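Commentary on secondary and tertiary structure
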Amino acid sequence: MKPAIFLDMDGVLAGFEDWSQDVIGPDWKAEIDQPEWGAYQNHPRLYSKLPIMQGADVLYATCCKIVGKDHVHILTAMPNRARSHFPHAAMDKIQWARTYISPSIKVLFGPFAKDKQHHCRYGKDILIDDMAINIEQWRVAGGLGILHTEVFSTLNHLEVMTS
Ligand SMILES: [Mg+2]
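Residues numbered from 1 in each chain as written. Predicted model: local features only at pLDDT ≥ 70, side-chain atom pairs only at ≥ 80, totals over all residues.

Looking at unusual backbone geometry
Across the chain, the bulk of peptide bonds are trans and the bulk of non-glycine residues have phi less than zero. How we decide: Strands here mean DSSP runs of E at least two residues long; helices mean DSSP runs of H or I at least four residues long; both are numbered from the N terminus. Buried, partly exposed and exposed are defined by the number of other C-beta atoms within 10 Å of a residue's own C-beta, namely 20 or more, between the two limits, and 12 or fewer respectively, with C-beta atoms placed from the backbone.
A cis geometry characterises the amide bond from G110 onward to P111, with omega recorded as 15°. Mapping P111 onto the fold places it in the loop between β3 (106-109) and β4 (126-129). For W37, which is not a glycine, the phi torsion comes out positive at approximately 70°. Overall, W37 belongs to the buried group, with 21 C-beta atoms counted inside 10 Å.

As structure tokens, then:
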């Protein structure tokens, strides 16, 4: 079996934080801590509006070069606590990925963040994600994880891991 690379969307490819800073404001994290995401409820189509993150194209192209295009997937999560406020989230995320990353990319849903670990099929599958808990759970499931902070460090980790 060929290894696959699973790319997280928000915080790795899609600029959720940049959008939040611009639209919700500097206290955006406090809104997410609200039971149903507070002010975010006014933006039900936000997942269609996120900017692509700097370097996301290079990251995707590098992953394709390492394992082949058919083995690079997006693994994203639905906004669990607030999901009733984002009825188009799944469709918007798929459309976003096709527009900004690749028209043929497969978009997998946890469906929630805690379920990402179950997509690890064997020990060489790699998850690139900006949430430490997701990476920890992926490693416990037997996979290789890269905690994403910025593109160049992730590319370095990828090179070491796959050489
Ligand atoms: Mg993320």
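Let's pick the thread back up.
Topic: the nonpolar core
One recurring pattern in soluble globular proteins: nonpolar side chains tend to sit buried together. We count it as follows: By definition, a nonpolar core groups buried Ala, Val, Leu, Ile, Met, Phe, Trp, Tyr and Cys residues that connect through C-beta atoms lying within 7 Å of each other. In this description, any two residues whose backbone-derived C-beta atoms lie within 7 Å of each other are considered to be in contact.
Of all hydrophobic cores here, the largest spans 37 residues; its most connected members are I5 and L7. Ignoring anything within four residues of it in the chain, the contact list for I5 reads C63, V67, H71, V72, I126 and I128.

Thoughts on the pairing of strand β5 (residues 144-147)
Cut-off, in case you're wondering: Two strands are counted as paired when DSSP detects at least two bridges linking them. If the strands point away from the viewer and the path from the first strand over the helix to the second runs clockwise, then the crossover is right-handed.
For β4 and β5, the ladder comprises 4 bridges, and the chain directions are parallel. Across the sheet, residue D129 finds its bridge partner in β5, namely L147. Of the crossover connections in this fold, the one passing from β4 over helix α5 (residues 132-140) to the parallel β5 is right-handed.

Digging into the sheet that holds strand β1 (residues 5-7)
Backbone hydrogen bonds are what pair the strands of a sheet, in a parallel or an antiparallel way. What counts is decided by this rule: Under this scheme, a helix contributes an axis fitted over its contacting stretch, all axes are lines through C-alpha atoms, and angles between N-to-C directions fall in the 0 to 180 degree range.
Pairing within the open sheet is parallel, and its 5 strands lie in the order β3-β2-β1-β4-β5. The two strands at the open ends of the sheet, each matched to only one other strand, are β3 and β5. Within this sheet the neighbouring strands show an average axis-to-axis angle of 25°, counted without direction. Where β1 lies against strand β2 (residues 72-76), 3 bridges are found, and the strand directions are parallel. Looking at β2, one finds that L7 is bridged to I74. Against the sheet, helix α6 (residues 151-162) touches β4 and β5, its axis set at about 160° to β5.

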